[in-house]
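# Structure assessment
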Amino acid sequence: MYKNLVARRACVLAAASFFVSPIVHAQLAKAEPVKAAFVYVAPLTDAGWVRQHEIARQAVQAALGPRVQTHYVENVPEGADAERVIRDLAQQGHQIIFTPSFGYMEPTLKVAREFPNVKFESVTGYKTAPNVATVNARYYEGRYLAGVAAGRLATQAGYVAGLPIPEVIQGINAFALGMRSVNPKATVKVVWMGEWFNPPRERDAAMALMNQGAEVLAFHVGSTAVMVAAQERGKLAVAYHSDMRRIAPDAQVVAVTHRWDDYYTARVKAVLDGSWASRSTWGGVADGMIRVEGFGRRVPEKVQREVLIRQSEMAAGKITVFAAPRGQALRDNEGHVVIPAGQRLGEDAIANMNWLVQGVQGQVKP
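Attention in this report is confined to the structure presented alongside it.

## As for the packing of aromatic side chains
Following the criterion strictly, the structure yields 13 aromatic pairs and no others. On the numbers, 6.3 Å between centres and 75° between planes, the contact of Tyr-139 with Tyr-240 is edge-to-face. Of this pair, Tyr-139 sits in helix α5 (residues 139-153) while Tyr-240 sits in strand β9 (residues 236-241), and the two are 101 residues apart along the sequence. The exposure class assigned to Tyr-139 is buried, which follows from its relative accessible area of 2%. Its relative accessible area of 0% is what places Tyr-240 among the buried residues. These aromatic residues form a ring-pair network of at least three members: Phe-38, Trp-49, Phe-98, Tyr-139, Tyr-240, Trp-260, Tyr-263 and Tyr-264. Above the plane of the ring of Trp-282 lies Arg-138, whose end atom (NZ or CZ) is 4.0 Å from the centre.

## Examining the sheet that holds strand β5 (residues 132-137)
The strand order β2-β1-β3-β4-β5-β11 describes an open sheet built from six strands, whose pairing is parallel. The outermost strands of the open sheet, each flanked by one partner alone, are β2 (68-73) and β11 (280-283). Looking at each pair of strands side by side, their axes are set apart by 15° on average, direction ignored. Strand direction decides the pairing type here: strand β3 (residues 96-100) and strand β4 (residues 119-123), joined by five bridges, are parallel.

## Quick notes on helix α4 (residues 105-114)
Within α4, burial applies to Met-105, Pro-107, Thr-108, Leu-109, Val-111 and Ala-112. Looking at the buried side of α4, the elements it contacts are α3 (80-91), β3, β4 and β5.

## A word on the environment of Ala-248
Within the fold, Ala-248 resides in the loop between β9 and β10 (252-258). We classify Ala-248 as buried; its relative accessible area is 0%. Those residues in contact with Ala-248 that sit more than four places away from it in its chain are Met-227 and Gln-231.

## Notes on the pattern of salt bridges
When their charged atoms lie close together, side chains carrying opposite charge are able to pair. Evaluated as defined, the whole model comprises 16 salt bridges. Between Arg-87 and Glu-83 there is a salt bridge, and its shortest N-O distance comes to 2.8 Å. With a gap of four residues between them, Arg-87 and Glu-83 both fall in helix α3, about one helical turn apart. We note that Arg-87, like Glu-83, is buried. Salt-bridge contacts for Arg-87 lead to Glu-114; the nearest nitrogen and oxygen are separated by 2.8 Å. Placement of the pair is Arg-87 in helix α3 and Glu-114 in helix α4, with a sequence separation of 27 residues. Relative accessible area serves as the criterion here: at 40%, Glu-114 is assigned to the partly exposed category. What emerges from the salt-bridge pattern is a single network uniting Glu-83, Arg-87, Lys-110 and Glu-114.

## Observations concerning the nonpolar core
If you look at the biggest cluster of nonpolar residues, it comprises 123 residues, and the most contacted ones within it are Phe-175, Trp-260 and Phe-322. Looking at this core, the element that brings in the most residues is helix α6 (residues 166-182), giving nine residues. Every residue in contact with Phe-175, bar those within four places of it in the chain, is listed here: Arg-143, Tyr-144, Ala-146, Gly-147, Ala-150, Ala-157, Tyr-159, Val-188, Ala-218 and Val-238.

## Some remarks on α6
Over its 17 residues, α6 extends 25 Å from the first C-alpha to the last, a length consistent with the 24 Å expected when each residue adds 1.5 Å. In terms of burial, α6 is a largely internal element, 14 of the 17 residues being buried.

## Here's the deal with the pairing of β9
The buried fraction of β9 is high, at six of six residues. Two strands pair when backbone bridges link them, and strand β8 (residues 216-220) and β9 are joined in this way by two bridges, in the parallel orientation. Counted as the bridge partner of Leu-217 is Ala-237 from β9. Crossover connection from β8 via helix α8 (residues 225-233) to parallel β9: handedness right-handed. When β9 meets β10, the two strands line up parallel, connected through four bridges. Bridge pairing links His-241 to Thr-257 in β10.

## Considerations on the packing of helix α7 (residues 199-211) against α8
Running from N to C, α7 and α8 point in directions that differ by 40°, and their axes come no closer than 8 Å. Comparing their axes, α8 and α7 come out oblique. Between α7 and α8 lies a crossing of right-handed hand. Along the contact surface, α7 presents Pro-199, Glu-202, Arg-203, Ala-206, Met-207, Met-210 and Asn-211, while α8 presents Ala-225, Val-226, Val-228, Ala-229, Ala-230, Glu-232 and Arg-233. For the contact of α7 with α8, the class distribution of residues is nine nonpolar, one polar and four charged.

Thresholds applied
- Residues numbered from 1 in each chain as written.
- Predicted model: local features only at pLDDT ≥ 70, side-chain atom pairs only at ≥ 80, totals over all residues.
- Heavy atoms only, no water.
- Phe/Tyr/Trp six-rings, centres within 6.5 Å; stacked < 30°, edge-to-face > 60°.
- Helix = DSSP H or I, 4+ residues; strand = E, 2+ residues; numbered from the N terminus.
- Buried < 20%, exposed > 50% of the residue type's maximum accessible area, 1.4 Å probe, protein only.
- Lys NZ or Arg CZ within 6 Å of the ring centre and 35° of its normal.
- Pairing = 2+ DSSP bridges.
- Axes fitted to C-alpha atoms, helices over the stretch in contact; angles between N-to-C directions.
- Contact = heavy atoms within 4.5 Å.
- Salt bridge = Lys/Arg side-chain N within 4 Å of Asp/Glu carboxyl O.
- Core = buried A, V, L, I, M, F, W, Y, C linked by side-chain atoms within 4.5 Å.
- Expected span 1.5 Å × (residues − 1).
- Right-handed = clockwise from strand over helix to strand, strands pointing away.
- Parallel < 35°, antiparallel > 145°, perpendicular 65-115°, else oblique.
- Left-handed = near helix turned anticlockwise from the far one by under 90°.
- Nonpolar A, V, L, I, M, F, W, Y, C, P; charged D, E, K, R; others polar.

Dropping the structure here:
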């Protein structure tokens, strides 16, 4: 009788286990943290492109706590190395991988085809897939506002640029348009680097531009070398990516910064709750992704107020960067009409920009 009782009890427990275990397993699976990885194209420094994405990674970890595990790999060159690193992160079980560099786009797409259950965020890329989303920021909006500040303080500007992709070209043109909106005689001379991160060469380019008469510098490269050079020479410079007053307290005019915190956190949350879907996002001043901040000590309060007012107007949709004034066409630096009088560029035209506006000295192809 005892043996029969034990047997019946074992059957009951087994049956209970059969019905309960799927629920238990689901709860355990739900309790497992999402593994999120971030790939950085340059070394992690105190300021710059990589620093802003690292700030966002830390924000994700702080916001989601034990529900997420984050990991990053720094100083990964675009190309074969990027593909290898991205694939390795997918093999390690990361459910979402952020790849913030334009040159990571194709490696991301290739690895994504091999790992259809992993989500990828191609930051500054433009090609999507079922498990690849794209996101970029309207950096050019901040560039225009910085140009307004620079135009109030200087006439000749120099611009140290990485690679001639639309994102960089947009920034150069917007900066020139901002300067010339308050100083019609302003010019912007461009030096192309052909790479994103090379502090010694960035410094040399900055020095050359100042030797040629540049009173204020701007840049679209990954280090703080341009800011340091301007500080040493007593010139002005517009910080990019991060506020760099600590590095160039006398040189900084203003900083064009970008914030990825909210976007990254929302996308990891979407993986957690199962709502993640491929999409394309292009956010700007109105979305809180781009802003100007950190005015330097040499910028008069009147100029600061003017720029901040314009920033508010831009957020409200009252300022469009790439629009021709009434009664006047906007031309490129070869004299061709690129925006007819009274019109504005559409999204596709901005996204594929391949010309330099009047007032810019240089060519798209270095």
